[in-house]
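# Geometric and topological summary
Listed below are the residues making up each chain.
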Amino acid sequence: MRVDSRRRSFARVAAACACILAPLAACDGKPAAPAAAKPATVTSPVKETELATITLTPDAEKRLAIVTVAVENKPVARTRNVGGEITAPSGTALAITAPTAGVLQSPDRPPTAGANVTKGQLLFRLMPLPAAERDSPVIAQQAIDTSTARREAAARKAQRAEQLLKDGAGSRRQLEEAQAELTVAEADVKAARDRRSLEIRGGVSESGIRIEAPQSGVVQAVHAGAGQTVAAAAPLLDLVQMASLWVRVPIYAGESRDIDPDAPARVLGLSDPPDADGALAQPIPPPPSANATTSAVDLYYSMANPATGGQRFRPGERVAVRLARRDSTTGLAVPKAALLHDAYGGTWVYVVREPQVYARYRVVVTDIVGSLAILSAGPPVNARVVTDGAAELFGVEFGVGK
């Protein structure tokens, strides 16, 4: 009896389950919807932590002369690379003009654009035209008196500028401008006296008026030639002093406060590598110049440009300028000799996993400071990276080395 009751209970349960599952299977007669396809499928994924490792024998490691350096966490002064323009210092670009109307005669070696000249070097001889009423002795003497007064005023101005610079109340730029004005005033006095001496001799001169260079420099442009008749004050040539130059650096006004105005800058030619040292340029008090169109303000730096070995920079040349920022940062530092670049622009280093075992590790470089590369992502501190021999390991991994 017990077996029959158990059988009947099991039959009732089975019938109830069939009644419940039958409607679900039918579901209005529609087949079940297939699972949605994945939007992307990655086949054979390789994690960067599972990249191939290189194991060298002790003899191979010695033959490759592998050198490793530990990763360090260093404080680094931040820099900013911007564009700049080389300019001639104020007052050092002079326009040489004719003291009076006449015919030009060139010396044995006439000046040409780009030629270096020294102070007092003969540039032209000027044969004056016949004296006219404007060149009377009275007017000539007046010109001498006027130019002499200007020279004396320029001399006093130069003395004041020199004293102010010594007292710390002036700038070198003001002194250079005052000295340039004094040089021009002395040249005007000499020209006026030469013109007066010609008047005394009746305007006849076999040698003519000597037009000499008032300062040493480079001829930038020549505006007149031998045999040409020129009027009084006509431009003859442009002379620029290039022993020292200025660098004008336009900075976006919103970032100008981030730049340290008292720190020196480094000036690089456009063909120099980004990590080159460049020429040292010292900050100078900037003239108040800005550009409203580009929202930029100008910073000025002064640098030496000696003629030894050929002057490196020229006025008007575009350059790259590395400026120091006010803030500093701390980051992972490795020698830049450890960096390697793949065909896709990725940057890598080789890290020592264990003796004679090396693995490639991706890094992100944020700055280059001297011989160090500053990383925002890279191996942990104290990990050892390969410097000498890194390129050989790269070739071994990709099958182009031995």
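Residues numbered from 1 in each chain as written. Predicted model: local features only at pLDDT ≥ 70, side-chain atom pairs only at ≥ 80, totals over all residues. Heavy atoms only, no water.

### A word on the pattern of salt bridges
Taken as a whole and assessed by the stated rule, the structure comprises 10 salt bridges. A salt bridge links arginine 173 to glutamate 177; the shortest N-O distance between them is 3.2 Å. Taken as a pair, arginine 173 and glutamate 177 lie in helix H4 (residues 172-200) at a separation of 4 residues, close to a single helical turn. Taking the shortest distance from any N to any O, the salt bridge between arginine 210 and glutamate 212 comes out at 3.0 Å. (Salt bridge = Lys/Arg side-chain N within 4 Å of Asp/Glu carboxyl O. Helix = DSSP H or I, 4+ residues; strand = E, 2+ residues; numbered from the N terminus.)

### With respect to the layout of surface pockets
Roughly 720 Å³ of volume is contained in the largest pocket. Lining the largest pocket are 30 residues; nearest its centre among them are Val184, Glu186, Ala187, Asp188 and Ala191. Counting only elements with at least two residues in the lining of the largest pocket, the list comes to strand E4 (93-97), helix H3 (137-167), H4 and strand E8 (209-212). Per element, the largest residue contribution to the lining of the largest pocket is 10 residues, and it comes from H4. Within the lining of the largest pocket, the residues separate by chemical class into 16 nonpolar, 5 polar and 9 charged. In this structure, the second largest pocket spans a volume of roughly 240 Å³. Every residue lining the second largest pocket is counted, 15 residues in all, and those nearest its centre are Glu176, Gln179, Ala180, Thr183 and Gln215. Ranked by the residues each element gives to the lining of the second largest pocket, the list is headed by H4, at 6 residues. Partitioned by chemical class, the residues of the lining of the second largest pocket number 4 nonpolar, 8 polar and 3 charged. (1 Å grid on protein atoms, 1.4 Å probe; cavity = no way out; pocket = protein on both sides within 12 Å on 5 of 7 lines; lining within 4 Å. Points joined across faces, edges and corners; volume = space filled by probe spheres on them. Nonpolar A, V, L, I, M, F, W, Y, C, P; charged D, E, K, R; others polar.)

### Brief notes about the environment of proline 355
Secondary-structure assignment places proline 355 in the loop between strand E19 (347-354) and strand E20 (357-362). A C-alpha to C-alpha distance of 9.7 Å links proline 355 and threonine 57, two positions 298 residues apart in sequence.

### Comments concerning the sheet that holds E4
Overall, antiparallel pairing links the 4 strands, which are arranged E4-E11-E9-E6 in an open sheet. Edge positions in the sheet fall to E4 and strand E6 (116-117), since each has one partner strand and no second. Two strands pair when backbone bridges link them, and E4 and strand E11 (residues 235-240) are joined in this way by 5 bridges, in the antiparallel orientation. Paired with alanine 95 across the two strands is aspartate 238, which belongs to E11. (Pairing = 2+ DSSP bridges.)

### Brief notes about the confidence of the model for the chain
If pLDDT is low for a region, its predicted coordinates should not be looked at in detail. In the predicted model, the chain carries a mean pLDDT of 79, and 79% of its residues have values of at least 70. Mean pLDDT across the elements of the chain ranges from a minimum in helix H1 (residues 2-26), with 53, to a maximum in strand E16 (residues 296-304), with 92. (pLDDT = per-residue confidence, 0-100.)

### Comments concerning the sheet that holds strand E5 (residues 102-105)
The sheet built from 4 strands is open, its strands ordered E8-E7-E5-E10 with antiparallel pairing. Every other strand in the sheet has two partners, leaving E8 and strand E10 (229-230) as the edge strands with one partner each. Judged from the 4 bridges that link them, E5 and strand E7 (residues 122-128) form a sheet pairing that is antiparallel. Each residue of the ladder has a partner; that of leucine 104, found in E7, is leucine 126.

### Things to note about the packing of aromatic side chains
Applying the stated criterion to the full structure yields 1 aromatic pair. Note on tryptophan 246 and tyrosine 300: the rings are 6.0 Å apart at their centroids and 70° apart in plane angle, and the pair reads as edge-to-face. Of the two residues, tryptophan 246 sits in strand E12 (residues 244-252) while tyrosine 300 sits in strand E16, which places them 54 residues apart along the sequence. Neither tryptophan 246 nor tyrosine 300 differs from the other in exposure class; each is buried. (Phe/Tyr/Trp six-rings, centres within 6.5 Å; stacked < 30°, edge-to-face > 60°. Buried < 20%, exposed > 50% of the residue type's maximum accessible area, 1.4 Å probe, protein only.)

### Section: the environment of arginine 210
Note on placement: arginine 210 falls in strand E8. A residue is classified by how much of its surface remains accessible, and arginine 210, at 35% relative accessible area, is partly exposed. Sequence spacing of arginine 210 and lysine 190 is 20 residues, and the spatial spacing of their C-alpha atoms is 9.9 Å. Of the polar contacts made by the side chain of arginine 210, one reaches the side chain of glutamate 212; its length is 3.0 Å. (Polar contact = N/O pair within 3.5 Å; in protein donor to acceptor, adjacent residues only side chain to side chain.)

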